[in-house]
Amino acid sequence: MGRRAWEFDEAILRSQCEWKVANQSLKFCPEAINFPQALLTTAAGRTGHHPLKILRFVRGRDYDPDRERAEKRMLQKLLKREAKGAAHELSVRRPSSDSSPPPPGSRGLPLIGETIQFMAAVNSSNGVYDFVRIRCLRYGGCFKTRIFGETHVFVSSTESAKQILNDGGVNYTKKYIRSIAELVGHRSLLCASHLDHKFLRSHLINLFSTSFLASFVTQFDQQIVEALRGWESGSTIVLLNQALKITCKAMCKMLMSIQNDDELELLQKEVAHVCEAMLAFPWRFPGTRFHNGLKARRRIIKILEKMIWERQRSEAWHDDFLQRLLSEEGDDGRGALSDVEIGDNILTMLIAGQDTTASAITWMVKFLDENPDVLQNLKDEQFEILMNKHRDRDRENCFLTLEDLGNMCYAPKVVKESLRLASVVPWFPRLVLQDSQIQGYKVNKGWNVNIDVRSLHSHPSIFHHPTIFDPSRFYEEAKPYSFLAFGMGGRQCLGMNLAKAMMLVFLHRLVTSYRWKVIDSDPSIEKWALFSKLKSGCPIIVTRIES
Ligand code: HEM
């Protein structure tokens, strides 16, 4: 075993993507002939090791063709075990972490752990993050707790964020609680196993091309101009509700070309039910939040199934994600996405994109209201862009373009700073696949480790005066793995550029069309919300700026 272990230590040095290139040359490698390519590819993809290393590990240095069947079985067993969450034998050998202590923290009462305290936070106006905040103050930047029968560790250093997000699915994999997986669907990108995730993501990522983004920006600007036109001067607007309407409309058009107001309203309500159920107890009795969420999911999926059925039987072409997914040919031997995968992932994008972006917009407007100097700087920039557009007589089109967004310098920093301070997605959950060491503590295989992004975003050693809303801090490059509003690595937000574009367009139109005053500055957080959003919805009084 000694030499093989050495071989695998050496493999640590190889980059995650090298295996892909090597995989191509495998086709021509005599050692690999007759060996099931798919198995090798899978093992290489999952472990991040060079396929030839894996081949030699399984076969030994001296290749004996008679051992082929046994070898196949061994690899298949390995992959099955890995799929079940067991540590695989091809893992990177790391220095023993046995001597390291476990993270501090309380595992609460037998069986229930600290679930009651967690649920109390979910149901409080401080928001669910309060559960983490209190323990972070008590135990420091790495602590453990027990919720819903599972051990959770929360970590908050840039080094641990890098270690986990850069891992490529070898030691940590994404994991949401089971109830969330039921709501978004088991074929959702959010809950799929590492290998399935790669497959799904490779299909979905193609949808977010630059050319798509360019046409989306102008369309979205038209929608915003239309929506803001409806705001009467002097009237009170509940910003979160308006932002939700706007993001729902944009997402539904982008995903499935739904534009009818009644259908949009219905879908928005159904998605809200699903979102509300995400942190609920997984009780299936009629009337419970979770039961209502599951019912809403079923109704949305039914709508999607009907659309898929109709599209498959129609010649008409719709310029949306659903159509593109239905007409896609797979290029990785597995073909295109199945109807179930399409349904689960359209729903996932609705959930992942609508609430998050609307909440982020609401926080941004609140922060600007509280910081008039920042607002003034922003207005100076945005009015200049507006003037330039109107001055440019060659342009027929006065709507914003992707290029206009690229010309903005201060506004993207306002967006970034709002996302830092609001930390809409407060932590990222992962499952530990094998015993490892984080921040000097031992974390066991089977535990959950959560990257506490909000704590990172508000750490004074990372962000100077972290509670102050100061977009100019981003003129200096942030420390690696310190700004994680959209995550990082293989699980980074797919809609990151889309969300940023929506926030910039909204910002431009709001500051150049209206003055506003927040009339309820209550910072309470919406109960039962997975993404932090203001309970008041941020009501504002708006006054139209005369041109
Ligand atoms: C301001 C708005 C948004 C924020 C703050 C946000 C934040 C995030 C974060 C932090 C993650 C990664 C979590 C992790 O690593 O565990 C994520 C993943 C994801 N986001 Fe977003 N998001 C936003 C908007 C959107 C939009 C508009 C879409 C539209 C489609 C979207 C789709 C997704 C998807 C599909 C994933 C899963 C990616 C994967 O697992 O490979 N998000 N988002």
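The shown structure was predicted, so the numbers you read here are calculated from the model rather than taken from an experiment.

Conventions used here
Residues numbered from 1 in each chain as written. Predicted model: local features only at pLDDT ≥ 70, side-chain atom pairs only at ≥ 80, totals over all residues. Heavy atoms only, no water. Donors = N, O, S within 2.8 Å, 3.2 Å for Na, K, Ca; no water. Helix = DSSP H or I, 4+ residues; strand = E, 2+ residues; numbered from the N terminus. Near = heavy atom within 4 Å. Polar contact = N/O pair within 3.5 Å; in protein donor to acceptor, adjacent residues only side chain to side chain. Pairing = 2+ DSSP bridges. Axes fitted to C-alpha atoms, helices over the stretch in contact; angles between N-to-C directions. Contact = heavy atoms within 4.5 Å. Phe/Tyr/Trp six-rings, centres within 6.5 Å; stacked < 30°, edge-to-face > 60°. Buried < 20%, exposed > 50% of the residue type's maximum accessible area, 1.4 Å probe, protein only. Core = buried A, V, L, I, M, F, W, Y, C linked by side-chain atoms within 4.5 Å.

(A) Summary view of the coordination of the iron atom of the ligand. The sole protein-derived ligand of the iron atom of the ligand is Cys493 (SG), positioned 2.3 Å away. Position of cysteine 493 among the secondary structure elements: in the loop between helix H20 (453-457) and helix H21 (496-513).

(B) Molecular detail of the site of the ligand. Looking at the ligand, there are 28 residues lining it, with Lys174, His197, Arg201, Arg430 and Cys493 nearest. Interatomic distance of 2.9 Å between a side-chain N/O atom of lysine 174 and an oxygen atom of the ligand. Histidine 197 has a polar side-chain atom sitting 2.6 Å from an oxygen atom of the ligand. Of all the secondary-structure elements, those providing two or more residues to the shell around the ligand are helix H10 (194-204), helix H16 (339-370), strand S5 (427-432) and H21.

(C) Broad picture of the sheet that holds strand S1 (residues 142-147). Across the sheet, five strands lie side by side as S1-S2-S8-S5-S3; this open sheet has mixed pairing. Since the sheet does not close on itself, it has two edges, and those belong to S1 and strand S3 (172-174), each with one partner. Neighbour to neighbour, the strand axes of the sheet diverge by 35° on average, direction disregarded. With six bridges connecting them, S1 and strand S2 (residues 150-155) associate as antiparallel partners. From the neighbouring strand, isoleucine 147 faces S2, where its bridge partner is glutamate 150. Strands S2, S3, S5 and strand S8 (448-452) of the sheet are contacted by helix H8 (residues 158-165), whose axis makes an angle of about 130° with S8.

(D) Representation of the packing of aromatic side chains in the model. Across all of its chains, the model carries 17 aromatic pairs by this definition. Where phenylalanine 118 meets phenylalanine 148, the ring centres are 6.2 Å apart and the plane angle is 75°; that geometry is what we call edge-to-face. Here the residue phenylalanine 118 occupies a position in helix H6 (residues 115-122), and phenylalanine 148 occupies one in the loop between S1 and S2, the gap between them amounting to 30 residues. Taking relative accessible area as the criterion, phenylalanine 118 reaches 5% and is therefore assigned buried. Judged by centre distance (5.3 Å) and plane angle (10°), the ring pair of phenylalanine 143 and phenylalanine 154 falls under stacked.

(E) Inspection of the side chain of threonine 145 at higher detail. With respect to the helices and strands, threonine 145 occurs in strand S1. Here threonine 145 falls in the buried class, since its relative accessible area comes to 0%. Side-chain polar atoms of threonine 145 contact the side chain of glutamate 114, separated by 2.6 Å.

(F) Spotlight on the nonpolar core. Counting 123 residues, the largest nonpolar core has Trp231, Met256, Leu368, Phe506 and Trp516 as its most contacted members. In terms of residue count, H16 provides more of this core than any other element does, 14 residues in total. With near-sequence residues (within four places) excluded, leucine 368 lies in contact with Val374, Leu375, Leu378, Val414, Phe469, Leu507 and Trp516. Formed by 18 residues, the second largest nonpolar core is a distinct cluster that contains Cys142, Ile164, Phe428 and Val443.

(G) Quick peek at the side chain of arginine 297. Here arginine 297 shows up in helix H14 (residues 289-312). Using a relative accessible area of 14% as the deciding quantity, one classes arginine 297 as buried. Each residue touching arginine 297, except ones within four places of it in the same chain, is listed here: Glu182, Leu183, Val184, Gly185, Val274, Asp344 and Leu347.

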